[in-house]
Amino acid sequence: MIATWVTQQLVFDGVVNGLVIGLIALGVVLVDRASRVINFAVGSMGVVGASVLALLVLSWDVPFWVAVALVLLLGAAYGAVVELAVVRRLFAAPRVIVLVATIGVAGLSTAITRSLPRPDVAVGARYPLAVGRTWDDVLGVRVSGAQVSILVVVPVVAVALAWFLNRTLAGKAVLASADNPRLARTNGVNPKWVSTFAWTVAGVLSTVSIVLASGQSGSITGLADLGPATMVRALAAFLIAGRRSFPRALGAGVALGVVEALIRFNFLTEPGLVDLVLFVVVLGAVWAQTRRDPEVEGGRFSFATSATPVPPRLADVWWARNLSGLVVGAVLLVAALVPLVVTTPSRVQLYTIILAFAICGTSLVVLTGWGGQPSLGQMAYAGVGALSAAALARGVRVEVHQGDDLLILELARVPFALAVLLGAVVAAVAAALVGLGALRVRGMLLGVSTFAFAIVASQYLYRRPILSGGASGSTAFPRGTLLGLDLGSPRTYYLVVLAVLALVVVVLARVRRSGVGRTILAVRDNPRSAAASTLSPSRATVRTFALAGGLAGLGGGLLAGAVSSVPFSERFFTVQDSLTLVGIVVIGGLGSLVGPLLGSLWVVGLPAFFPDNDVLPLFASNVGLLVLLLYLPGGFVDAAQRARTALLAWAESRLGPEPAAPPPPPVRTVPGTVRTAPAEVDPDADLLRVEDLAVSFGGIRAVDGVTLALRPGEVLGLIGANGAGKSTLMDAVGGFVPASGRVTLLGEDVTGTRPETRARRGLGRTFQAALLFPELTVRETLLVALESAGRSSLLATAVAWPGATRRERARRSEADELIAFCGLGRYADRQIVELSTGTRRIVELACLLALRARVLCMDEPTAGVAQRETEALGPLVLQVREELDAGLIVIEHDMPFIVGISDRLVCLEAGKVIADGTPDAVRSDPRVVASYLGTDARAITRSGP
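K.L.:
Would you mind showing me how to read the sheet that holds strand S15 (residues 855-859) here?
P.N.:
Two orientations exist for strands paired in a sheet by backbone hydrogen bonds: parallel and antiparallel. Within the open sheet, the 6 strands sit side by side as S14-S15-S16-S11-S17-S18. Their pairing is mixed. Only two strands of the sheet have a single partner each, and these edge strands are strand S14 (763-766) and strand S18 (912-917). When strand polarity is set aside, the average angle formed by the axes of neighbouring strands in this sheet is 15°. Relative to strand S16 (residues 887-891), S15 is paired through 5 bridges, and the arrangement is parallel.

Following this line, the structure appears as structure tokens:
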């Protein structure tokens, strides 16, 4: 059926349009390879040059080719300026932050384009072309001059770029820096120069692409919309190319152009179907990319100033202890008094919209600020929630055809308030489904996926009859009453929305302080350590998506109620509104619950408060987002946090010099909760048994048929040269890598189970880097480990269920006992990232005590630790072993340390066991000497006791 409608003209037009998409994709690939950031501004950067070209030729009578040369220079300069002024300043920031900055650059490009004067031409004038002729029959197809330009220019530019990258020294430097930045740096290649070059070329490619696309469309107006319209297609081609291949990116762009042409022609009555297909393509490409190259974003995600704990000397000062709550309460009080002062209905409606956007913004705080999952399509969930609520409010009718029978399912109308709550539930389910699909996706790839979801939602999903009710762009949503209150009154509705916002802030603040909030941050900071602490990263991710989706759906329903309709194709729920919401939260403060309100006041309120001012609204756009990222990356809350720190420091200084405090008495007993083993096991049975364990990465056999056993109370040292397979073996035992063979833990076969399952059954694990959870404090890190005794419930926490409150209080008491036992008292409220490596090692041991693990797998516990701390660490490790009645497997290169604590040593070489026995026997084994210790007498001597 479809083949009937595949014509030469359709394929030709698709190829031509696809070449433009492929050219933009080349720019995306180039920037990503050079600076590891997905540039959302590549399409929009070229809009500036394309607009200037129209001005030069049509208004100022500049010859076409002279104008083209000037515009290409402008595109190169614009790309270089963006890199030097924005990307260079954020060079060391997480790549996700640079991605958000590119959204600001895209907004800046659009603002520049809209501020340019329109060409002074007659109505109906077309964009200037190099070739204005049209050929009606060339091999059976109609060819325009604009298409000829594309067919000639794109291949030439692609070949020139390939020649430059592969044949010139500068081009090879770009590829070398992309493939191995550290090695390139040691060979004199400056990665910052490479980034500048890549952005300069990307500016040229974008300018050429948009000029060609403008010539193809012929329209002079609407140039500002060309960049965003082509971006999702270029991103899809970029992902199909695996983020690296230039030829595949160009070929993928051509293929997408052909597919789009065929779908648009054959399915005229299905608007948005192309966007749905692109969304599926993006998801498939992202899934394939994560299988080949899992994206790991290292370091700290949050870049705002951390909240300074109240100094101990001010702990009894009421105002200091409750300073943040007082400020929030004052803001809410002022907001509650606003309708008493402002009575104009339109103004009250505006303030209601600001509050509703703030509620939507809290969903990004949860998902991105806490969960580290960047979302560029959050308002799509708000739209789903609003349309679902409107559908429930008008009554739902579903017709199902079964053969010749017609089944009709009708749901009665639902009151407004209940409809909004149920709409939030629908949005939460939709977000959870997206979260399930994003379990393997993190960082920038997730941003691309959510961006594509926002497009498919606005172009396809919203228009389904069950949601839109058959309306084309807006559907009615009257407010009704709530508990006798007339929600039709703007003032009453404003106060209700304000109350909902206050409730959301209070509940989320409680969630953040609970095990649920700590779990979200732990999984964000370090999924492997979270799994080793018995947490399920998958479950936490889906729950975070669902919670954020529900908040967005709630805010979307209230936002639609403010205007008594759901304008799903006009405002509030479009792709641009999703990007605006990102700006709201980043400007206000990404990790703060007050940030969305401040950001909403700035972004939504500022243009409305000063409608006649041409400058201030500019700072409320993505341009303001860009400025804030560069000069106040933590947003307004960051500035408030610094002011709070300064105020507390001033208040403490007024108390005079701090008296010397006596040292606390040493704690010599372990908390009673830790002394009890998690399960009774046969004292004569092996705690852990590994049989014929093997791990392969491609054709490399990292672990090759290892069999070993760990007896109760035994310390088993695992030694071997770098690359011998020690850490991989420990990862296989912990379930972190796929492996063949069998693993038995405490008499139970755990082969094939996930890491968190093995942790719950008694397997404790520390890692070589000792990262733990950088953004959590020591106390919070121990509380994460104490979650192993029982999970915190989101619902129980939200409603302050007495049982949940008691469990939280008991956990905090246990954490304080562990802190005292391990001598971590002065570090209790310090973030992990602020601690020395030696102190983090002690925190790791405290976590093992909290987990009540019986098998402890420790990967190089002395790595990065000073010699004096290493000497003190050995007895502490043995004490933890004795307190838990556990067995230990320890990987270590410090031979005096490992020999001093081990009952038995196992040496690996090329993934195989070459020696197993007492420390003395293994030390003197000729194979160990040849493989690991070498023949240097000093090394052998140092390996003695």
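Having seen it, we continue.
K.L.:
I tried to follow the packing of helix H5 (residues 145-167) against helix H8 (residues 191-217) on my own but got confused; where do I start?
P.N.:
Between two packed helices, both the angle of their axes relative to each other and the distance between the axes serve to describe the pair. Packing of H5 against H8 brings their axes to within 9 Å, and their N-to-C directions diverge by 165°. Classed by the angle they form, the pair H5 and H8 counts as roughly antiparallel. In this structure, H5 crosses over H8, and the sense of that crossing is left-handed. Contact with H5, carried on its side by Ala146, Gln147, Ser149, Ile150, Val153, Val154, Val157, Leu161 and Phe164, involves Phe197, Val201, Leu205, Val208, Leu212, Gly215 and Gln216 of H8 and no other residues of that element. Residues belonging to the contact of H5 with H8 are distributed by class as follows: 12 nonpolar, 4 polar and no charged.

K.L.:
Looking at this structure, I do not really get the pattern of salt bridges. What am I missing?
P.N.:
Pairs can form between side chains of opposite charge once their charged atoms are near each other. Under the counting rule described, the total for this entry stands at 32 salt bridges. In this structure, aspartate 704 engages arginine 701 in a salt bridge whose closest nitrogen and oxygen atoms are separated by 3.3 Å. Of the residues examined, aspartate 704 reaches a relative accessible area of 24% and is grouped as partly exposed. Salt bridges linked by common partners bring Arg528, Asp731, Arg765 and Asp859 together as one network.

K.L.:
Explain the sheet that holds strand S13 (residues 748-749) here, please?
P.N.:
Taken in spatial order, the 4 strands of this open sheet run S10-S9-S12-S13, and their pairing is antiparallel. Two strands in the sheet have a free side with no partner beyond their single neighbour: strand S10 (700-710) and S13. Bridge count between strand S12 (residues 740-745) and S13: 2 bridges; the pairing is antiparallel. Note that in S13 the partner of threonine 744 across the bridge is aspartate 749. In the packing of helix H29 (residues 726-734) onto the sheet, contacts are made with strand S9 (688-697), S10 and S12, and the angle to S9 comes to roughly 115°.

K.L.:
Explain the packing of helix H15 (residues 378-394) against helix H23 (residues 575-588) to me, please; I cannot follow it from the model alone.
P.N.:
With their axes 7 Å apart at the nearest point, H15 and H23 run at an angle of 120° to one another. Between H15 and H23, the angle is such that the two are oblique. Facing Gln378, Met379 and Ala380 of H15, the residues of H23 in contact are Asp577, Ser578 and Leu581. Taken together, the residues of the contact of H15 with H23 sort by class into 3 nonpolar, 2 polar and 1 charged.

K.L.:
Would you mind going over the nonpolar core with me for this structure?
P.N.:
Among soluble globular proteins, nonpolar side chains are generally buried collectively. With 203 residues, the main nonpolar core has Ile38 and Phe573 as its most contacted residues. The greatest single-element share of this core, amounting to 16 residues, is contributed by helix H14 (residues 345-370). Ranked by size, the runner-up nonpolar core spans 48 residues in total, among them Ile719, Ala853, Val899 and Ile901.

K.L.:
Just checking my understanding: could you explain a nonpolar patch on the surface for this structure?
P.N.:
A surface patch of nonpolar side chains, about 690 Å² in accessible area, is lined by Leu418, Leu421, Leu422, Val425, Val429, Leu433, Leu436 and Leu439. Looking at where leucine 439 falls in the secondary structure, it is placed in the loop between helix H16 (416-437) and helix H17 (444-459).

K.L.:
I would appreciate a short explanation of the side chain of glutamate 780 in the present structure.
P.N.:
Structurally, the position occupied by glutamate 780 is in helix H31 (residues 778-786). Among the residues examined, glutamate 780 registers a relative accessible area of 17% and is labelled buried. Excluding residues that lie within four positions of it along the chain, glutamate 780 makes contacts with Arg512, Arg518 and Glu775.

K.L.:
Would you explain the side chain of serine 214 in this entry?
P.N.:
Summarising the element assignment, serine 214 is placed in helix H8. At a separation of 2.7 Å, a polar atom in the side chain of serine 214 contacts the main-chain carbonyl oxygen of isoleucine 210.

K.L.:
I would appreciate a short explanation of H23 in the present structure.
P.N.:
Given 3.6 residues per turn, any residue in an α-helix points the same way as the ones three and four places further on. Given a rise of 1.5 Å per residue, 14 residues ought to cover 20 Å, and the 20 Å separating the end C-alpha atoms of H23 matches this to within 8%. Counting buried positions along H23 gives 12 out of 14 residues, so the element sits mostly inside the fold. Regarding H23, the residues found buried are Val575, Asp577, Ser578, Leu579, Leu581, Val582, Gly583, Ile584, Val585, Val586, Ile587 and Gly588. Immediately downstream of H23, the backbone of glycine 589 shows phi near 145°, a positive value.

K.L.:
Whenever I open this one, helix H22 (residues 537-562) confuses me. Can you help?
P.N.:
Relative to the 38 Å expected for 26 residues at 1.5 Å per residue, H22 spans 37 Å between its end C-alpha atoms, a close match to the ideal helical length. Here H22 lies mainly inside the structure; 22 of its 26 residues are buried. Two residues or fewer past H22, serine 564 is found with a positive phi of approximately 60°.

K.L.:
Could you clarify how one ought to interpret the pairing of strand S17 (residues 904-909) in this entry?
P.N.:
Look at any regular strand and the pattern is simple: side chains alternate between the two faces of the sheet. Counting buried positions along S17 gives 5 out of 6 residues, so the element sits mostly inside the fold. Taken together, the 4 bridges between strand S11 (residues 715-719) and S17 define a ladder with parallel strand orientation. Paired with leucine 718 across the bridge in S17 is valine 906. In the sheet, S17 pairs with S18 via 5 bridges, with the strands oriented antiparallel. Bridging across to S18, leucine 908 finds its partner in valine 913.

Parameters at a glance
Residues numbered from 1 in each chain as written. Predicted model: local features only at pLDDT ≥ 70, side-chain atom pairs only at ≥ 80, totals over all residues. Heavy atoms only, no water. Pairing = 2+ DSSP bridges. Helix = DSSP H or I, 4+ residues; strand = E, 2+ residues; numbered from the N terminus. Axes fitted to C-alpha atoms, helices over the stretch in contact; angles between N-to-C directions. Parallel < 35°, antiparallel > 145°, perpendicular 65-115°, else oblique. Left-handed = near helix turned anticlockwise from the far one by under 90°. Contact = heavy atoms within 4.5 Å. Nonpolar A, V, L, I, M, F, W, Y, C, P; charged D, E, K, R; others polar. Salt bridge = Lys/Arg side-chain N within 4 Å of Asp/Glu carboxyl O. Buried < 20%, exposed > 50% of the residue type's maximum accessible area, 1.4 Å probe, protein only. Core = buried A, V, L, I, M, F, W, Y, C linked by side-chain atoms within 4.5 Å. Patch = residues over 30% accessible without salt bridge, like charges linked within 9 Å, V, L, I, M, F, W, Y side chains within 5 Å. Areas by Shrake-Rupley, 256 points an atom, 1.4 Å probe, with all protein chains shown as cover. Polar contact = N/O pair within 3.5 Å; in protein donor to acceptor, adjacent residues only side chain to side chain. Expected span 1.5 Å × (residues − 1).

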